[in-house]
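Residues per chain are reported as follows:
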Amino acid sequence: MQRQWLVLGIIILAYVPVAIDATVLHVAAPSLSVALQATGSELLWIIDIYSLVMAGMVLPMGALGDRIGFRRLMLSGAVIFGLGSLAAAYAPDAGLLIAARALLAVGAAMILPATLAGIRTTFNDAGQRNVALGIWAAVGSGGAAFGPLVGGVVMTHFSWGAVFLINIPIVALVLLLTWRWVPRQAFRSQQKLNLPQAIMLVVAILGLVWAVKSAMKPDIKAMQTLAALVPALLLLVWFVRIQLRSPSPMIDIALFRHRVILTGVVMAVTSMVALVGFELLMAQELQFVHGRTPLQAALFMLPVMLASSCSGPLAGILVSRLGLRRVATAGMALSGLSFLGLANADFQHQQWLVWSWMVLLGISATVALLSATSAIMSATPKEKAAAAGAIETMAYELGAGLGIALFGLVLARSYSAVIALPLGLTADEQLRAASSIGEAVQVAAGLESGRGLAVMEAASQAFTHSHSVVLFSACVILLALAAVVWFALSAQRCESN
């Protein structure tokens, strides 16, 4: 009896850095952009490559766990995650840091299904298993929510690379404890991995995101963006055709034909886009514009972290009492209204008002996420529950990655359109300062104090304006989706579940 809870402790220990690393770089983004001389596009790749690669690799890694056993999968994933952490901590430039983060994602994609399989294998009693899954879910949501705070605390005393080095002792302990205490399991050597299909999906996703990010640059023409977008779309269509024809597909595409499941997936992606995109936007606003340290920025964002990590039980109660349709629609609509409030609030002089809107955002987005889960699982036949769970996991990871890309795209376009730089800059300096506020900081650092201050003043004003544009755009999209959700989740099909 005690051993199974010890195994759970080891599983949770392995899951903690995976959850935290999804968001730990948010408050480190401004420091990263300056230290590595990263462009705005490179900065976004550094942050969201983790979620995007995980989205494509988590399914075949789950199959690999069936093939070799979750113990071996967790050991292998921990080793890769540790190596990726070391490589990321000492990366000398943005390109190598992006590659290291991709390696981290591969390790994380192995650890995540290993932890779930470990719980399922270790706990035979349904009641105890539900308790264990509840602890696992709380660690996942809490780790992602408090990742920025962890990053802020670490960066108060160390450089940005330390946010990755803190993974090393945890990984070492996980390897030691897993090897000593986690029992071996039976495995199915005939299990198919579908690894080529996973690579195809990852390449298609990265191609689409690259096309979106290329549109951020003011000097990139539409044809260049299309040159990246069209092949990625064709590859994605090819992937879907393979899934439809395959007797053992990596993703059960047929589930997307169900209106409620499709609506749930859209809600999951959108909710993660809102939460993750907002956190990154706030981290840059607070540090670049208002001069806060990483820790101060993380503490300022604490209300949205607390609200999103603690409102899961409330969301479950609301769905049970009011029905999925009402709660899902309200979650999306209130998320939109919170963005409207934040778009019009003064972050410097109306802190309590900003925090109130943040709390509403954290609660409403979490409610929408739980509603998405309920919609997907309630409309899925029992025999396809595992396939639906895999789709849900992918939706969360895709939402996290796309949130950074989409918020970054709107922000960059708006910023470049309104910035009014002082005279006397070279053409290269003007192009860089107009690309992103991080590059404006780099340009200002190379100028004499008077001109540097003028560049930063122009960049700060443009970023504040763009920040409002992004949040208002998000408000409009979320309110429109709330209307779609209301009509898509009909009372007869959802509230009865």
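Structure: see above.
Residues numbered from 1 in each chain as written. Predicted model: local features only at pLDDT ≥ 70, side-chain atom pairs only at ≥ 80, totals over all residues. Heavy atoms only, no water.

Draft legend 1. The arrangement of the overall build of the chain in detail. Secondary structure summary: the chain contains 21 helices and 0 strands in total. For 497 residues, the compact-globule formula gives about 23 Å, and the C-alpha radius of gyration of the chain, at 22 Å, lands near that figure. When its C-alpha atoms are laid out on the principal axes, the chain stretches across 70 × 50 × 45 Å. By residue count, 55% of the 497 residues in the chain fall in the buried class. Sequence-distant contacts, at least 24 apart, represent 81% of the contacts inside the chain between residues at least 6 apart. Counting only carbon and sulfur atoms, one obtains 68% of the accessible surface of the chain, whose full area is about 20,500 Å². On the chain, the mean spot of the 28 positive side-chain charges and the mean spot of the 20 negative ones are 16 Å from each other. (Helix = DSSP H or I, 4+ residues; strand = E, 2+ residues; numbered from the N terminus. Rg over C-alpha atoms; globule rule 2.2 N^0.38 Å. Buried < 20%, exposed > 50% of the residue type's maximum accessible area, 1.4 Å probe, protein only. Contact = heavy atoms within 4.5 Å. Areas by Shrake-Rupley, 256 points an atom, 1.4 Å probe, with all protein chains shown as cover. Lys, Arg positive; Asp, Glu negative; His and termini not counted. Charge placed at Lys NZ, Arg CZ, Asp CG, Glu CD.)

Draft legend 2. Main features of the pattern of salt bridges. Within the structure shown, the criterion is met by 1 salt bridge. Notably, a salt bridge pairs E448 with R451, separated by 3.5 Å at the nearest N-O pair. According to the relative accessible area criterion, E448 is partly exposed, its value standing at 44%. Under the relative-accessibility criterion, R451 is labelled partly exposed at 27%. (Salt bridge = Lys/Arg side-chain N within 4 Å of Asp/Glu carboxyl O.)

Draft legend 3. Molecular detail of the packing of helix α4 (residues 70–89) against helix α5 (residues 94–122). At a minimum axis distance of 7 Å, the contact between α4 and α5 shows a crossing angle of 155°. Classed by the angle they form, the pair α4 and α5 counts as roughly antiparallel. Between α4 and α5 the crossing geometry is left-handed. In terms of residue class, the contact of α4 with α5 is built from 19 nonpolar, 9 polar and no charged. (Axes fitted to C-alpha atoms, helices over the stretch in contact; angles between N-to-C directions. Parallel < 35°, antiparallel > 145°, perpendicular 65-115°, else oblique. Left-handed = near helix turned anticlockwise from the far one by under 90°. Nonpolar A, V, L, I, M, F, W, Y, C, P; charged D, E, K, R; others polar.)

Draft legend 4. Quick look at the packing of helix α1 (residues 2–21) against α5. Relative orientation of the contacting elements α1 and α5 amounts to 155°, with a least axis distance of 9 Å. Considered as vectors, α1 and α5 are oriented roughly antiparallel to each other. In this structure, the crossing between α1 and α5 has a hand that is left-handed. In this structure, α1 contributes Q4, V7, L8, I11, A14, Y15, V18 and D21 to the contact, and α5 contributes R101, L104, A108, I111, L112, T115, G118, I119 and T122. Classifying every residue of the contact of α1 with α5 by side-chain character gives 11 nonpolar, 4 polar and 2 charged.

Draft legend 5. Representation of empty space enclosed by the protein in the model. Within the structure shown, the criterion is met by 3 cavities of 30 Å³ or more. Taken as a whole, the largest cavity encloses approximately 220 Å³ of empty space. Taken together, 23 residues make up the lining of the largest cavity; nearest its centre are L44, Q284, G408, L411 and S436. In terms of residue class, the lining of the largest cavity is built from 14 nonpolar, 9 polar and no charged. (1 Å grid on protein atoms, 1.4 Å probe; cavity = no way out; pocket = protein on both sides within 12 Å on 5 of 7 lines; lining within 4 Å. Points joined across faces, edges and corners; volume = space filled by probe spheres on them.)

Draft legend 6. Structural view of the side chain of S436. Looking at the secondary structure, you find S436 in the loop between α18 (427–433) and α19 (437–445). In this structure S436 comes out as buried when scored by relative accessible area, which is 14%. A distance of 3.1 Å separates the side chain of S436 from the side chain of E439, its partner in a polar contact. (Polar contact = N/O pair within 3.5 Å; in protein donor to acceptor, adjacent residues only side chain to side chain.)

Draft legend 7. Broad picture of the nonpolar core. Judged by nonpolar contacts, the single largest core of 161 residues is most densely connected at L25, L97, F164, I251, F339 and L342. With 18 residues, the single largest contributor to this core is helix α11 (residues 259–289). Sequence-distant contacts of L25, defined by excluding residues within four places in its chain, comprise L32, I46, I47, R101, V163 and F164. (Core = buried A, V, L, I, M, F, W, Y, C linked by side-chain atoms within 4.5 Å.)

Draft legend 8. The arrangement of the layout of surface pockets in detail. Looking at the second largest pocket, its volume works out to about 520 Å³. Every residue lining the second largest pocket is counted, 20 residues in all, and those nearest its centre are L201, I205, L236, M394 and L398. Where the lining of the second largest pocket is concerned, the elements lending two or more residues are α9 (195–214), α10 (222–245), α11 and α17 (385–418). Considering each element in turn, the lining of the second largest pocket owes the most residues, 7 residues, to α17.

Draft legend 9. Summary view of a nonpolar patch on the surface. Taken together, V79, L83, L86, Y90, L103 and L165 make up a surface patch of nonpolar side chains, about 540 Å² in accessible area. Broken down by element, the nonpolar patch gets its largest block of residues, 3 residues, from α4. Exposure remark for V79: the relative accessible area of 39% places this residue in the partly exposed category. (Patch = residues over 30% accessible without salt bridge, like charges linked within 9 Å, V, L, I, M, F, W, Y side chains within 5 Å.)

Draft legend 10. Representation of unusual backbone geometry in the model. We note that Q37 has phi near 55°; this positive angle belongs to a residue other than glycine. Among the structural elements, Q37 can be located in the loop between α2 (29–35) and α3 (40–68). Residue Q37 is classed as partly exposed on the basis of its relative accessible area of 46%.

Draft legend 11. Spotlight on the packing of aromatic side chains. Applying the stated rule across the entire model yields 8 aromatic pairs. Arranged with centres 6.5 Å apart and planes meeting at 90°, the rings of W160 and F164 form a pair that is edge-to-face. Taking relative accessible area as the criterion, F164 reaches 0% and is therefore assigned buried. Look at F300 and F347: their rings are 6.5 Å apart centre to centre, the planes differ by 25°, and that puts the pair in the stacked class. Here F300, found in helix α12 (residues 294–300), pairs with F347, found in the loop between α15 (324–343) and α16 (351–378); they are 47 residues apart in sequence, far enough to count as distant. By relative accessible area, which is 2% here, F300 ends up buried. Above the plane of the ring of W179 lies R71, whose end atom (NZ or CZ) is 5.1 Å from the centre. Above the plane of the ring of W181 lies R180, whose end atom (NZ or CZ) is 4.3 Å from the centre. (Phe/Tyr/Trp six-rings, centres within 6.5 Å; stacked < 30°, edge-to-face > 60°. Lys NZ or Arg CZ within 6 Å of the ring centre and 35° of its normal.)

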